[in-house]
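Each chain, letter by letter, is given below.
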Amino acid sequence: MFEQLQETITRQISAFLSQQEIPAAPIDWKWIPFAGQWGIATSFFQAASLEARQGSHIPVGERAQQIATQVAEHLGTPEGISKVEAVRGYLNLTFSPSSFARQVIETVQREGLLFGKGQLTGKRIMVEYSQPNTHKAFHVGHLRNVVLGSAVCNILEWAGNEVIRANYIGDIGLHVIKWLWCYLKYHNGEQPPEDRVRWIGEIYVQASRYYEEDPAVEPEVRALFARWDRRDPDIVSLWEKTRQWSLEAFEQIYQLLGVHFDRFYFESDVEDSGKEIVRTLIKKGLACDERPEGSVYIPLDEFSGTKDKYRVLVILRSDGTSLYATKDLSLAIQKFEEYQLDQSIYIVDVRQSLYLQQIFKTLELLGYSWAKQCYHLAYEIVTLPGNVTIASRDGAVVLLEDLVAEATSRALEIVQTKNPEISQQQQLAVAHAVALGAIRYSMLSRDSSKVVTFDWDAALDFNGQAAPYIQYAAVRANSILRKAGEIPAKWQVPSELQPVEITLIDLISRVPQEIQKSARDIKPLVLSTHVYELARAFNDFYNQCPVLQADPEVRGFRLQLVAASRQAIRNLLSILGIETPDIM
RNA sequence: GCCCCAGUAGCUCAAUGGACAGAGCACCGGACUUCUAAUCCGAUGGUUGAGCGUUCGAGUCGCUCCUGGGGCACCA
């Protein structure tokens with residue numbers, strides 16, 4: 001919001017420094033890091049350090065302060081700046097309240113629901129996320145992926161990119177055949193009950209148990225796999241029917257979570273084209289074919305002159321059946337051919353880091369120039385207390401719907417006591433927004449490189465740094481605006497602003513840059529932190545500054561500030577995929 | 001053996017190489033006749049795993065260790 005001013009002042013400083021024959025060091029502006037102050041700052045340590053290297057004997061800190069003082073004197077007080085100060089080697093420029101407060105509030109007002117949205121970049125980015133396996137349960141371990149992926153999509157979109165949300169469904173493989181075997185043997189003819197996800201998951205648990213415990217099962221499953229491989233119509237039709245059950249269950253979950261996809265890919269669709277690529281690789285001499293004794297593989301280290309880095313990637317089983325890699329190679333190519341992507345992001349957990357590096361390297365060896373535009377966003381997994389990995393096959397899972405149901409019921413209890421006058425339906429809607437917000441926020445408010453230990457109490461804690469706190473701030477703002485009725489169109493920035501007001505406006509003004517930063521680093525955490533700080537600043541303001549009862553000249557301004565705060569919070573929450581209720 | 005990630009307050013986590021390392025939870029003490037207390041205020045709490053190095057400046061970068069987690073040819 002202040003780019004122009006920054007540039008002008010940067011030019012003035014550079015000119016002054018060169019005139020004074022002070023070494024040119026890059027001037028980069030940062031926010032003044034102290035609460036209740038707003039403005040930009042830069043330091044002169046680098047320039048002073050360069051001088052020292054050229055033989056000056058003044059200590060760097062002291063010299064930096066000298067330069068800062070000189071610059072401050074030279075600048076005077078530029079338009080839009082109320083105070084210029086040299087402090088401990090830093091030059092601090094404080095914004096003047098009247099012009100900037102107005103500018104910030106008017107910008108939010110003008111842009112409304114789009115406040116914070118960046119200029120179009122012209123870049124097209126595909127984000128592949130969720131990637132569930134059919135015939136398995138959908139549990140809290142999968143939740144992190146969906147929450148992270150959908151937030152990343154929104155962030156990239158808000159930063160000005162075109163985003164294609166892709167999902168890659170694992171609809172075939174040994175796990176599916178195991179499930180079909182179990183269904184045929186123990187559940188034949190059954191129709192899925194209402195609680196479909198659980199039912200599907202339970203059959204999978206049963207299948208896995210028999211498969212592991214009874215050695216007689218494996219040959220039966222293999223035989224079934226062979227039938228599928230030669231497209232036995234009975235098996236194919238059973239596969240199609242049961243696969244559809246899973247897909248419908250996923251759709252329910254996606255609706256519950258409020259996420260959507262633009263493009264679905266299926267493993268079963270890229271299998272044949274994958275095998276075709278394997279043939280090409282063999283023909284080009286890039287893959288070693290040791291069938292039938294061994295597999296088809298690529299000695300990646302050998303080809304890229306590395307040692308123990310890329311290892312070996314097996315791309316086809318010795319019996320000629322496909323592997324995950326077979327299909328992923330094909331999928332990557334299809335994505336770029338279909339959409340001419342500028343970037344292809346894979347949201348996949350950290351355990352597959354080496355594997356995805358192998359895929360990207362293979363694509364490079366195949367000569368695809370876009371291989372370098374593939375990016376793996378690795379996130380750490382969700383474990384159960386005691387460092388227990390969540391595994392669909394042993395059934396020790398927390399189902400997503402159970403989590404949502406429990407969270408909603410706890411939220412509903414609070415809503416009912418606080419808002420007894422609204423309809424049950426409204427109460428439920430609010431509880432739902434709060435529950436899902438809390439769940440999503442807890443996943444987004446820690447770095448993706450950190451392991452999440454799922455804990456019921458922590459997941460259902462609505463206090464402190466959590467979505468309900470942020471939502472509540474917006475609700476309070478909403479309440480003030482509702483009681484105020486019409487917001488006066490004419491208003492003035494008071495001559496004196498409270499420190500909390502300054503902090504609040506400051507945080508609102510940074511929203512666009514925070515969105516850019518969040519996109520640049522692909523870190524939703526940047527926004528989850530910022531929106532929390534915004535909410536906290538608003539709560540401070542709420543407690544310290546009366547709005548409705550304020551003097552008329554202050555009242556108009558504060559109402560505007562309340563409206564801008566609500567908008568900023570609402571926009572950030574929506575990027576994170578969190579609803580902002582009107583009441584709580 | 002090799003590679004990747006994490007290690008910050010009692011616990012869970014923040015911190016574009018910059019100013020005094022910040023929040024929440026927990027604990028202790030306060031604030032509802034007020035625009036909703038799902039809130040706020042105050043107190044307590046730190047050798048940023050250890051050690052060298054680079055730098056004017058290191059939680060952040062480099063090296064060597066320690067601890068924990070993960071990965072390393074026919075699972076996905």
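Note that the structure is a prediction, hence the values are computed from the model and not measured.

Peer 1: What exactly am I supposed to notice about the protein's contact with RNA strand B here?
Peer 2: Close to RNA strand B lie 64 residues, the nearest being K30, Y90, K418, Y472 and S479. Those atoms of RNA strand B that come within 4 Å of the protein belong to sugar or phosphate at a rate of 63%. One of the side-chain N or O atoms of S49 is found 3.1 Å from a phosphate oxygen in RNA strand B. Between R53 and RNA strand B, the recorded distance is 2.7 Å, taken from a side-chain N or O atom to a phosphate oxygen. Of all elements in the fold, only α2 (45-53), β4 (90-95), β10 (312-316), α13 (353-365), α14 (400-418), α17 (467-484) and α20 (524-544) reach the threshold of two or more residues within the surface near RNA strand B. Counted by class, the surface near RNA strand B contains 31 nonpolar, 16 polar and 17 charged residues.

Peer 1: Teacher, can you tell me more about the domain arrangement of chain A here?
Peer 2: Where interface size is quoted, it is often the accessible area lost as the parts come together. Under the domain assignment used here, chain A contains domain 1 (3-95), domain 2 (129-268 + 343-394) and domain 3 (402-575). Averaged C-alpha coordinates put domain 1 and domain 3 at centres separated by 36 Å. Every contact between the two is made by 7 residues of domain 1 and, on the other side, 8 residues of domain 3. Both sides together, the interface formed by domain 1 and domain 3 hides about 680 Å², and carbon and sulfur atoms give 63% of it. Broken down residue by residue, the surface that domain 1 buries against domain 3 is led by W31, G36 and W38, which jointly contribute 84%. Where domain 1 meets domain 3, there are 0 salt bridges. Linking domain 1 with domain 3 are 0 residue pairs in polar contact (both at pLDDT 80 or more), by the criterion used here. Here the residues of the side of domain 1 that touches domain 3 sort into 4 nonpolar, 2 polar and 1 charged.

Peer 1: Any chance you could explain unusual backbone geometry here in plain terms?
Peer 2: Cis geometry is adopted by the peptide bond preceding P292, which originates at R291 and carries an omega value of 0 degrees. Secondary-structure assignment places P292 in the loop between β8 (288-289) and β9 (296-299). Of note in this structure, D308 is not a glycine but carries a positive phi near 55 degrees. Along the chain, the position of D308 falls in the loop between α11 (300-304) and β10. By relative accessible area, D308 is classed as exposed at 51%. Even without a glycine there, the phi angle at I522 is positive, about 50 degrees.

How each quantity is defined
- Residues numbered from 1 in each chain as written.
- Chains lettered and ligands numbered in written order.
- Predicted model: local features only at pLDDT ≥ 70, side-chain atom pairs only at ≥ 80, totals over all residues.
- Heavy atoms only, no water.
- Near = heavy atom within 4 Å.
- Polar contact = N/O pair within 3.5 Å; in protein donor to acceptor, adjacent residues only side chain to side chain.
- Helix = DSSP H or I, 4+ residues; strand = E, 2+ residues; numbered from the N terminus.
- Nonpolar A, V, L, I, M, F, W, Y, C, P; charged D, E, K, R; others polar.
- Domains from an automatic or database assignment.
- Contact = heavy atoms within 4.5 Å.
- Buried area = accessible area lost by both parts, 1.4 Å probe.
- Salt bridge = Lys/Arg side-chain N within 4 Å of Asp/Glu carboxyl O.
- Buried < 20%, exposed > 50% of the residue type's maximum accessible area, 1.4 Å probe, protein only.

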